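Close look at the chain arrangement
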Amino acid sequence: MKDNKMRIFWLLIFAVSMGLANIVCAQPEKDTDKTLSPYFFVKSDDPEVDQLPLKSTSVKVDISGVIADVVVTQVYKNEGNRPLEAIYIFPASTRAAVYGMKMTVGERIIVAKIRKREEARREYEQAKQEGKSASLLEQYRPNVFQMNVANILPADVIKVELKYTELLVPTDAVYEFVYPTVVGPRYSEQRATEAGPGEKWIENPYLHQGESPTYTFHMAVNLSAGLPIQDLTCSSHQVSVNYEGHSFASVRLDPSEKYGGNRDFLLKYRLAGGKIKTGLLLFEGKGENFFLLMLQPPKRVSEVHIPPREYIFIVDVSGSMHGFPLNISKKLLKDLIGNLRPTDRFNVLLFAGGSSVMSKQSVPATPLNISQAINMIERQRGGGGTRLLPALKKALSLPKAEGFSRSVVIATDGYVSVEEEAFDLIRDNLGNANMFTFGIGSSVNRYIIEGMARVGMGEPFIITKPEEAPEKAGKFRKLIQSPVLTGVKIDFGKFEVYDVEPPSIPDVLADRPVIVFGKWRGRPKGNICLQGITGDSSFMEKIDTTSVKPLEINSALRYLWARHRVAILSDYNRLNQQDERVKEVTNLGLTYNLLTAYTSFVAIDTRIRLKDGQAITVKQPLPLPQGVSDYAVGGRSFAGKGICLATPPSSAMPLKIRVREESLEYKKEGRLVYEATTDTADHKSNHIRLNKITVTRGLSEDSIQSVIEKNIRSINLCYTQASEQESNLKGELVFTLLVDSKGRVIKANTDSGKNKIAEIERCIIQKLRKLHFPVPEGSKSVTVTITFILR
C-alpha cells in the first residue's frame, strides 16, 4: 500500500512539473469492464515452475503433385519441480484438413480419438483430475488451434504429433506452400466476464518485440512435383535445397533459423515452361468414391475498354501496424493510388480505435487529390486499437458514384477477433462491389484476409516485405482490368457425380485453375466439359474420364472434400448451436475424422501418473510476429486503488499515462514504470528526429527504424535535459552501434566529435544501449549507423 502511494505521489509530481492545470482521479478498470486482451509475459524467478514447457516444433512436409501432407511434432518437457498442464495457441493454414493426432509419453503411444467438442473437453478434464497424462486439440478459428497437455511430470518429455493435408492451387503458374508459425495478438472489445470458452484464447502471453521464440523450429520439405521444377525459392527463411532428378527436391531449414518460428514459412516454385498440374484425380473407397477436378482457364484477355471504377481504400493504422507493417502499407497505397486513371474516383478511410475519411464522397483521381491522399497516409505512425467493424460500416455506407463500378480495398494485418461479424457485414452490405484484401506483415491473420475477399467476391493478397508491394499492386490492377473467365459452367455428362463443391463457380479473376470436389458412383465414363466467356469470345475445355484410373495415393481426397464442405458450411458464417449446419459440420468431423469447430481430438493415457497434488496450468508465451511492435499488445490497467492523473490544459495535446510492469531489471523490485506520451507526433518537444540508417547486413532498415521510432520520445528527453545548459542545439548527430547475435546493443559510440553537445551525446548513447533489435539474420553481430537531426 505504501509503495502504491509513493508511485501516485511521484506521478503527481511529474504532472505538476509538466504544467498541467487540472487533477482528476480515475478508478482502475473493474473486473466486469475488463476486455479480453493479450499481455506481456513476465518470467517468474520461481525455479519450481517451468513457464516455458514447449521446447520445439518440427514440421515434415511431403508434397506429391498438388497435395501436401504435413506432420507437426510438438515436444513438451517439464524442467521444473511441479507437475504442469501446458496450453499452447498455434496457427495453421486456412485450408488445412487436420485428420489425425497421437501422443507419446516415454515409450507409450496413444492415438487420439475424434469426439464432439464438449465430449472431448469433458474426457480431457476428467483424465487431468485423475492424474492421467492427456492431450486435447481444439479449433477456435479455422486457422487458430489450441493444444492442452495435462500432467507433465518433472523431467517428463511428451511429444504430440498432428497430421493435416491441404491442396496447393497455383496462381499465375506459381505454387506456394505456407506454414504459419505464430498467432498474432488479437484486438477484442469483448468483456472478459461475458466471453465464452471459445474466446478465452485471445488472453494469451506474448514476448516483447524483437525477442526470439523460446522454442526451436525445424522444417523439412520433400517435393515430388511430377514435372521438372523451376524457380524454387523460400523468401521467409534461409534454406538449403537439394535436387534428385528434375522433378524432386528436398528443402531443409538452415541451422541459423533455429529460432525462426516468429514468421510464416513461405515456399514457392514453378514447373518447367510455366505448366501447372491439371486434370482429374479419382479415389475409390470402401463406401464412397471421391474426385478432384482442376481445369486451367484461358489466358487473360486484354480488355479494349475498361469501365470507370470507384475505389474505397481502407487502411489499418492501429498499434499492431506500427513501424514495419505500416511502412509496407504506405508503399502499397502510394502505388495503388498513384496509378489510378484520370477517369477513376476514390476515397481513403483510416482506422484504429476510431476512423477518419478523406472526403464525404469519392473524389476524382486528379494529381491534387492523389497528393492529398498520399500525404494523409504518410502522416500516420500507428497506434490505438483495431476497430475494424465500425470502419467497414462507415466505408460501406459511403455514397456510391453513379455509373462507376466500385471496388473496396483494405490493407490490414487482421489482428482482430471479429472475423465472422466482418463476413456477415460484407455479405449483407457489399451489393455490386468487390472486396480486395491486402494482408500486411510476416504472420497475418489469413482467415480474415482470405475470408473478407471470399465473401466479397474479390481476391486476397499477402505482402510480407516492402519490395513485394509493387508486384502485388500490379497483380491487383490486372484483376480489376479484366477477369479471366465469366459465366462459368461445368457439365459432367455421363460421369455420375453428387455432393459437388462448390455448387456454383464464381467468375475467375486470377490466373488459377477452376477447382471442383465431389463424389462419384459407378464407373468413370464420358467427358467433363468446362464452359465460360473470356473477353468477348466463348471458351470450352474437355476431359475424358475413361482415361483416368482411381489411385490409392489419392486417398487424401476424402479429407479435402470434407474440409471444403466444412468451409462452405461454417468457416464464413456465424452459426448458433441450433443451426442445422452445426449438426452437419459435426457429423462431417466425426465421419471423416476431421478437426472442426465442433469436433476435437483427445488422447488419454490409461495409467495414473500423478497421484498426489495438482498440476499448475501454464500458458506458453508466444513471440510477436517479426516486424510487429509492442504496440500490438499494449499494457494492462493498473490494479491499484485508483490513480489521480493531471489533465492537460487543452485538448491540443492529450496526455496519456501508461502503466506497465517491467519484465527485466525492474521485476525483482516489483516496481512499475510510468510513461507519459502525447498523441501528437509533431509536438514542439520533438526536437530529435531520425534522419538516416546504415546497416552492414543481417537487419533491415525498416526493423531498425521501427525500434528507434518506438523509443524516439524517450530519446527526446535528452534534448530537454541538455537544453537547460545549452540553448542552441542544432545540427547532426551520428552514432555507431554494435548489435550482437541476440539483437542487443553491446556498444554505442558517437561519430560527431563536437564538444558543445557532448552532454546530449552521452544521454543518447545511454538510451541507445538499452535498445533491443530483432535477431540479425545468420545470428551474427552487425554494425548499425544512425543519424539524428537536431532542430
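Up top is the structure.
Attention in this report is confined to the structure presented alongside it. Please read these numbers as outputs of a predicted model, since none were measured by experiment. (Residues numbered from 1 in each chain as written. Predicted model: local features only at pLDDT ≥ 70, side-chain atom pairs only at ≥ 80, totals over all residues. Heavy atoms only, no water.)

**Remarks on the nonpolar core**
- Membership of the largest hydrophobic core comes to 100 residues, with the highest contact counts inside it found for Leu 137 and Phe 177.
- Looking at which element gives the most residues to this core, the answer is helix 9 (residues 557-571), with seven residues.
- In terms of nonpolar packing, the next biggest core, distinct from the first, is built from 38 residues, Val 315, Met 321, Phe 346 and Ala 473 among them. (Core = buried A, V, L, I, M, F, W, Y, C linked by side-chain atoms within 4.5 Å. Buried < 20%, exposed > 50% of the residue type's maximum accessible area, 1.4 Å probe, protein only. Helix = DSSP H or I, 4+ residues; strand = E, 2+ residues; numbered from the N terminus.)

**Concerning the side chain of Asn 369**
- The residue Asn 369 is located in helix 4 (residues 367-378) in this model.
- Judged by relative accessible area, which is 14%, Asn 369 ranks as buried.
- Ignoring anything within four residues of it in the chain, the contact list for Asn 369 reads Phe 346, Met 358, Val 363 and Pro 364. (Contact = heavy atoms within 4.5 Å.)

**Comments concerning the packing of aromatic side chains**
- Per the stated rule, a full pass over the model turns up 20 aromatic pairs.
- With a centroid separation of 5.9 Å and an interplanar angle of 50°, the aromatic rings of Phe 290 and Trp 561 are classed as tilted. Here the residue Phe 290 occupies a position in strand 20 (residues 289-295), and Trp 561 occupies one in helix 9, the gap between them amounting to 271 residues.
- Judged by its relative accessible area of 2%, Phe 290 falls in the buried class.
- A ring pair is formed by Phe 423 and Tyr 447, whose centres lie 5.4 Å apart and whose planes are at 80°; its orientation type is edge-to-face. (Phe/Tyr/Trp six-rings, centres within 6.5 Å; stacked < 30°, edge-to-face > 60°.)

**Things to note about the sheet that holds strand 31 (residues 527-534)**
- Strand order across the open sheet formed by three strands is 28-31-32, with antiparallel pairing between neighbours. Edge strands, defined here as strands with exactly one partner in the open sheet, are strand 28 (486-491) and strand 32 (537-544). Between one strand and the next, the sheet's axes are offset by a mean angle of 15°, whatever the strand orientation.
- For strand 28 and strand 31, the ladder comprises four bridges, and the chain directions are antiparallel. Bridge assignment links Ile 490 to a residue of strand 31, and that residue is Leu 530. (Pairing = 2+ DSSP bridges. Axes fitted to C-alpha atoms, helices over the stretch in contact; angles between N-to-C directions.)

**Section: the environment of Val 734**
- The residue Val 734 is located in strand 39 (residues 731-739) in this model.
- Each C-alpha atom of the pair Val 734 and Glu 761 lies 9.2 Å from the other, and the pair is 27 residues apart in sequence.

**A short note on the state of the cysteines**
- With the rule as written, the count across this model stands at one disulfide.
- Here Cys 718 engages in a disulfide with Cys 763; their sulfurs sit 2.1 Å apart. Because the sign of the S-S torsion sets the handedness, a value of about -75° for the bond joining Cys 718 and Cys 763 places this disulfide among the left-handed ones. Of the two residues, Cys 718 is situated in helix 12 (residues 712-723) and Cys 763 in helix 13 (residues 758-769); the sequence distance between them amounts to 45 residues. (Disulfide = S-S within 2.5 Å.)

**Thoughts on the pairing of strand 14 (residues 216-224)**
- Along strand 14, seven of the nine residues are buried, which leaves the element largely enclosed by surrounding structure.
- Pairing analysis gives five bridges linking strand 14 to strand 17 (residues 248-253), with the strands arranged antiparallel. Of the residues in strand 17, the one forming a bridge with Val 221 is Val 251.

**Brief notes about the environment of Leu 485**
- For Leu 485, the position within the fold is in the loop between helix 8 (469-481) and strand 28.
- For Leu 485, a relative accessible area of 0% corresponds to the buried category.
- For the pair Leu 485 and Asp 507, spaced 22 residues apart in the sequence, the C-alpha separation amounts to 5.9 Å.
- Every residue in contact with Leu 485, bar those within four places of it in the chain, is listed here: Pro 297, Pro 298, Asp 507, Val 508, Gly 532, Ile 533, Thr 534 and Phe 539.

**Focus: the sheet that holds strand 5 (residues 84-91)**
- Pairing is mixed across the open sheet formed by six strands, whose spatial order is 8-33-9-10-5-34. Each edge of the sheet is formed by a strand with only one pairing partner; in this case those strands are strand 8 (113-116) and strand 34 (616-619). Adjacent strand axes in the sheet meet at a mean angle of 25° when their direction is disregarded.
- Packed on one face of the sheet, helix 2 (residues 117-129) meets strand 5, strand 8, strand 9 (132-141), strand 10 (144-152) and strand 33 (599-608) and runs near 150° to strand 9.

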